[in-house]
Amino acid sequence: MIKNVTSMAISGLLIAIGLLSSLFTSLISAQEPLVQEQQYLAIFQNDGHAQQIQAIETLIISGPQDIAVYDAIEASLKQSLASATDKHAIDYSSWLAKGLGYSGNEKYRVTLTQIVEGDYHKKLRKYANEGISNISQYAIWNPILHAQTHADLSPRLNAYSNALASDDLILIRIAAKRVMYEREYSEVMLTLLSEQLTQARLLDDSRLAIDTYAWLAKALASSGNDKFKPVIEDMANNADNKKLRNYAKKYLKTYF
């Protein structure tokens with residue numbers, strides 16, 4: 001898979017604990033918004049670091065809008081800084097810093113900037129800086145993700161649908177990865193993936209576009225659903241880009 005050289009390192013988060021958090025995601029993200037927010041609050045107001053990290057991963061595309069959740073993350077981050085000296089503690093604080101950025105809220109820039117400019121481990125300062133970048137990016141993305149486009153879907157799937165239908169290649173790629181890692185192979189998700197591939201409205205010769213469409217194809221192929229196999233076959237035989245043809249041929253051999 002081609003690496004996208006951009007200032008945003010968001011997609012790198014998805015591999016770290018993606019498969020481990022799929023059950024967690026299905027339990028928390030399918031709830032109604034109010035229940036979802038209450039669950040997040042309960043998680044970040046307790047001391048379960050592993051569960052908090054899993055929760056932060058879900059915030060990347062389908063987290064709640066309630067500022068109280070991010071206030072709880074900020075409180076956990078500030079509390080964690082005093083002990084952020086060994087590997088595990090630094091990792092934990094780094095996840096909190098990244099997650100705070102998903103709020104898209106400028107009120108948290110001060111906290112993250114203090115970490116970047118403070119006497120902390122370089123890894124923590126790196127991810128606090130990423131959190132700052134995330135604030136700007138998610139200020140744009142969150143209105144897209146949280147638009148009530150599909151009243152019949154859960155908040156999580158509504159966000160995924162909005163992402164896949166957007167005009168932002170990075171956001172589309174994140175959604176494709178989440179669908180695959182969480183094995184979210186419902187008809188509505190597979191149809192959206194298929195439509196993106198058949199319409200290919202944002203495909204050009206850029207590395208980002210090729211990488212995004214390769215992930216869309218990989219997510220669709222990983223479902224093993226024969227109904228959508230012709231879409232991958234068409235890409236394998238007819239895609240203008242040779243790399244995309246090769247990716248599609250690989251996915252046909254691996255997943256179907």
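Up top you'll find the structure we're talking about.
Residues numbered from 1 in each chain as written. Predicted model: local features only at pLDDT ≥ 70, side-chain atom pairs only at ≥ 80, totals over all residues. Heavy atoms only, no water.

**Some points on the overall build of the protein chain**
Scanning the protein chain for helices and strands turns up 14 helices and zero strands. For the protein chain, the sequential pattern of α-helices and β-strands runs α-α-α-α-α-α-α-α-α-α-α-α-α-α. Classification of the 256 residues of the protein chain by burial places 54% in the buried group. Relative to all contacts within the protein chain whose residues are 6 or more apart in sequence, the contacts with residues 24 or more apart total 69%. (Helix = DSSP H or I, 4+ residues; strand = E, 2+ residues; numbered from the N terminus. Buried < 20%, exposed > 50% of the residue type's maximum accessible area, 1.4 Å probe, protein only. Contact = heavy atoms within 4.5 Å.)

**A few points about the pattern of salt bridges**
Under the definition given, this model contains twelve salt bridges. With its nearest N and O atoms 3.9 Å apart, the salt bridge here joins E74 to K78. In this pair, E74 and K78 both sit in helix α5 (residues 67-80), four residues apart, roughly one turn of the helix. For D167, the salt bridge identified is with R201, shortest N-O distance 2.4 Å. Note that D167 is positioned in the loop between α9 (155-164) and α10 (169-181) and R201 in the loop between α11 (187-199) and α12 (207-221), a separation of 34 residues in sequence. For D167, a relative accessible area of 62% translates into the label exposed. Using a relative accessible area of 36% as the deciding quantity, one classes R201 as partly exposed. A single network of salt bridges, built from pairs that share partners, joins E57, R156, R178, E182 and E184. (Salt bridge = Lys/Arg side-chain N within 4 Å of Asp/Glu carboxyl O.)

**Considerations on the environment of I140**
Positionally, I140 belongs in helix α8 (residues 122-145). Here I140 falls in the exposed class, since its relative accessible area comes to 54%. Along the chain, I140 and G104 lie 36 residues apart, while their C-alpha atoms are 7.7 Å from each other.

**Section: the environment of T254**
Its place among the elements puts T254 in helix α14 (residues 242-255). Taking the relative accessible area as the measure of exposure, T254 reaches 51% and is therefore exposed. Taking the C-alpha atoms as reference, T254 lies 8.3 Å from S222; in sequence the two are 32 residues apart.

**Some remarks on the nonpolar core**
Formed by 78 residues in total, the largest nonpolar core has its most connected members in F44, L193 and L197. Among the elements that take part in this core, α12 stands out by supplying eleven residues, more than any other. (Core = buried A, V, L, I, M, F, W, Y, C linked by side-chain atoms within 4.5 Å.)

**Thoughts on the packing of α8 against α10**
Packing of α8 against α10 leaves a shortest axis separation of 12 Å and a crossing angle of 60°. It follows that α8 is oblique to α10 by the angle criterion. As α8 runs across α10, the sense of the crossing is right-handed. Two secondary-structure elements touch here, α8 through W141, I144 and L145 and α10 through I170, L171 and I174. The residue inventory of the contact of α8 with α10, partitioned by class, reads six nonpolar, no polar and no charged. (Axes fitted to C-alpha atoms, helices over the stretch in contact; angles between N-to-C directions. Parallel < 35°, antiparallel > 145°, perpendicular 65-115°, else oblique. Left-handed = near helix turned anticlockwise from the far one by under 90°. Nonpolar A, V, L, I, M, F, W, Y, C, P; charged D, E, K, R; others polar.)

**A closer look at α5**
The periodicity of an α-helix, 3.6 residues per turn, causes residues three or four positions apart to be oriented the same way. Here α5 spans 20 Å end to end across 14 residues, near enough to the 20 Å set by a 1.5 Å rise per residue. For α5, the set of buried residues is V69, Y70, A72, I73, E74, S76, L77 and S80. The distance from a side-chain oxygen at the start of α5 to the backbone nitrogen of A68 is 3.0 Å, and the residue carrying that oxygen is D66. (Expected span 1.5 Å × (residues − 1). Polar contact = N/O pair within 3.5 Å; in protein donor to acceptor, adjacent residues only side chain to side chain.)

**Some remarks on the packing of aromatic side chains**
Evaluated as defined, the whole model comprises four aromatic pairs. Between Y102 and Y138 the ring centres are 5.0 Å apart and the planes differ by 55°, which places this aromatic pair in the tilted class. With Y102 in the loop between α6 (87-101) and α7 (109-116) and Y138 in helix α8, this pair connects stretches of sequence that are 36 residues apart. Taken individually, Y102 and Y138 each receive the classification buried, so the pair is uniform in this respect. A centroid spacing of 6.3 Å and a plane angle of 70° characterise the contact between Y181 and W215, whose relative ring orientation is edge-to-face. Remark: W215 occurs in helix α12 and Y181 occurs in helix α10; sequence separation between them is 34 residues. For the pair Y181 and W215, a shared accessibility class is recorded, and that class is buried. By way of ring pairs, the aromatic residues Y102, Y138 and W141 are connected into one cluster. The cationic tip of K98 hangs over the ring face of W95; the distance from NZ or CZ to the ring centre is 4.1 Å. (Phe/Tyr/Trp six-rings, centres within 6.5 Å; stacked < 30°, edge-to-face > 60°. Lys NZ or Arg CZ within 6 Å of the ring centre and 35° of its normal.)

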